[in-house]
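Below are the chains, spelled out letter by letter.
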Amino acid sequence: VKCIFEAFNYLLMQRALSVTESEADKMHLAVYTEQLIMMEKDLHLCVPQDSEVRICEMAVREISRFAVDIVDRLNVDTHSKNSSTNSREDVIYILNSVHSLVEKIQKKIDLSKIMVRNLPPVLKLAQPATTSPDDPALTQFENSPSWDVITVEPDPGQTRAIRKYIPVDLLQVPQKVDTRRAAIRAMRMCEKLVNLMHCQKIKNYKFLILNLIVHVFTQVIPVPKPRGVD
């Protein structure tokens, strides 16, 4: 950040010939003030961590020091008769603006320190030094409330809906068929029952499928007579 400000100051002083040193300092302070206004808005929305709090405090100290340096560089005595009215007004405006901004940020920093929860003490995992029940290695767990313990919940995975069970009625197969049309209907019914048992994975479905097919083609459908038998 300081490198950016130094480059900004160099551009104002070296490239813009009409800008004086006091005007460059005022522009520098205006840019710094805008950054702290953005920081103040961020503090209003979130609670900073310890490292972020230190950075905010450093920024507050830096802008306070820079504002005082600018007032010293102006070298204006508000009680002197030789000082211009505009210079005295600039000094008062700079000091009041920076002071009000610093107070707002400091209040939010103090509030964030209160809101940050203190971490529990570090647990010492070494073995107890004595056999006493009051040994520090055993009593250190008293400072750990039960609601701070991380609960492990089993994850069963993605839910899967159970398909509706379709009952398998093996009595739908006829006892005996006498015509070709009835034999075709019996084989189709056998295929339907086999698919139901296979897809639904009922108990002993492979044994039931084998026995159903054997029963249909040996008992339900007539077995042709051997060749040479009248």
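Throughout, residues of each chain are indexed from 1 in the direction in which the sequence is written. Per-residue local features of the predicted model are confined to residues with pLDDT of at least 70, and side-chain atom pairs are confined, for both listing and counting, to 80 or more; whole-chain, interface and lining totals are unaffected and use all residues. The basis for every side-chain value is the complete set of non-hydrogen atoms in the structure, without hydrogens or water.

**Student:** Now, about the pattern of salt bridges: what can you tell me, with residues and values included?
**Tutor:** A side-chain nitrogen of Lys or Arg and a carboxyl oxygen of Asp or Glu constitute a salt bridge if their distance falls within 4 Å. Evaluation of the coordinates by the stated rule reveals three salt bridges. A salt bridge links Lys108 to Glu40, with the nearest nitrogen and oxygen atoms 2.4 Å apart. With Lys108 in helix H4 (residues 85–115) and Glu40 in helix H2 (residues 21–45), the pair connects residues that are 68 residues apart, well separated along the chain. When its relative accessible area of 21% is taken as the criterion, Lys108 is described as partly exposed. Here the salt bridges share partners, and the residues they tie into one network are Glu62, Arg65 and Asp69. Only DSSP runs of H or I covering at least 4 residues are called helices, and only runs of E covering at least 2 are called strands; the numbering of each starts at the N terminus. Per-residue accessibility, obtained with a 1.4 Å probe over protein chains only, is compared with the maximum for each type, and a residue is labelled buried under 20%, exposed over 50%, and partly exposed between these values.

**Student:** Go over helix H7 (residues 205–220), please, and point to the residues and values.
**Tutor:** Those residues of H7 not exposed but buried are Tyr205, Ile209, Leu212, Val216 and Val220. Viewed along the axis of H7, the buried residues span an arc of 75°, placing them on a single side of the element. Of the exposed residues in H7, the ones pointing more than 90 degrees away from its buried face are Lys206, Phe207 and Leu210. Here a residue-residue contact requires only that any non-hydrogen atoms of the pair lie within 4.5 Å. Those residues of H7 hidden inside the fold are in contact with helix H6 (180–200). Directions drawn from the helix axis to the C-beta atoms are what define this arc.

**Student:** Tell me about the packing of H6 against H7, and please be specific about residues and values.
**Tutor:** Axis geometry follows a simple rule: fit a line to the C-alpha atoms, using only the stretch in contact for helices, then measure angles between N-to-C directions, giving values from 0 to 180 degrees. Between H6 and H7, the least distance of the axes is 9 Å, while the angle of their chain directions is 175°. Accordingly, the angle class assigned to the pair H6 and H7 is roughly antiparallel. Across from Ala186, Met187, Cys190, Leu193, Val194, Met197 and His198 in H6, the residues of H7 making contact are Tyr205, Leu208, Ile209, Leu212, Ile213, Val216, Phe217 and Val220. Only Asp, Glu, Lys and Arg are considered charged, only Ala, Val, Leu, Ile, Met, Phe, Trp, Tyr, Cys and Pro nonpolar, and every remaining residue, Gly among them, polar. The residue inventory of the contact of H6 with H7, partitioned by class, reads 14 nonpolar, one polar and no charged. We call two directions roughly parallel when the angle between them is under 35 degrees, roughly antiparallel when it is over 145, roughly perpendicular when it lies between 65 and 115, and oblique otherwise.

**Student:** With reference to specific residues and values, describe the nonpolar core.
**Tutor:** Ranked by size, the top nonpolar core spans 19 residues in total, and within it Leu29, Leu36, Ile63, Val98 and Ile105 carry the most contacts. Of all the elements in the fold, those that place two or more residues in this core are H2, helix H3 (50–74) and H4. Sorting elements by how many residues they give to this core places H3 first, with eight residues. In contact with Leu36, not counting residues within four places along its chain, are Ala59, Val60, Ile63, Leu101 and Ile105. With 16 residues, the next largest nonpolar core counts Ala182, Cys190, Ile202 and Ile221 among its residues. For the purposes of this section, nonpolar cores are sets of buried Ala, Val, Leu, Ile, Met, Phe, Trp, Tyr and Cys residues that join through side-chain atoms within 4.5 Å.

**Student:** So what about H3? Which residues, and what values?
**Tutor:** One less than the residue count of a helix, multiplied by 1.5 Å, gives the span that helix is expected to have. Between the first and last C-alpha of H3 there are 37 Å, a value that for 25 residues agrees with the 36 Å anticipated at 1.5 Å per step. Among all positions of H3, only Val53, Cys56, Glu57, Ala59, Val60, Ile63, Phe66, Ala67, Ile70 and Val71 are buried.

**Student:** Summarise the packing of H2 against H3; cite the residues concerned and give the values.
**Tutor:** Close contact between H2 and H3 brings their axes to 10 Å; oriented N to C, the two are set at 155°. Looking at the two axes, H2 sits roughly antiparallel to H3. The two elements H2 and H3 cross, and the hand of that crossing is left-handed. For the pair H2 and H3, the contacting residues are Ser22, Asp25, His28, Leu29, Tyr32, Thr33, Leu36, Met39 and Leu43 in the first and Cys56, Ala59, Val60, Glu62, Ile63, Phe66, Ile70, Arg73 and Leu74 in the second. Each crossing gets its hand from how the near helix is turned against the far one by less than a right angle, where anticlockwise is left-handed and clockwise is right-handed.

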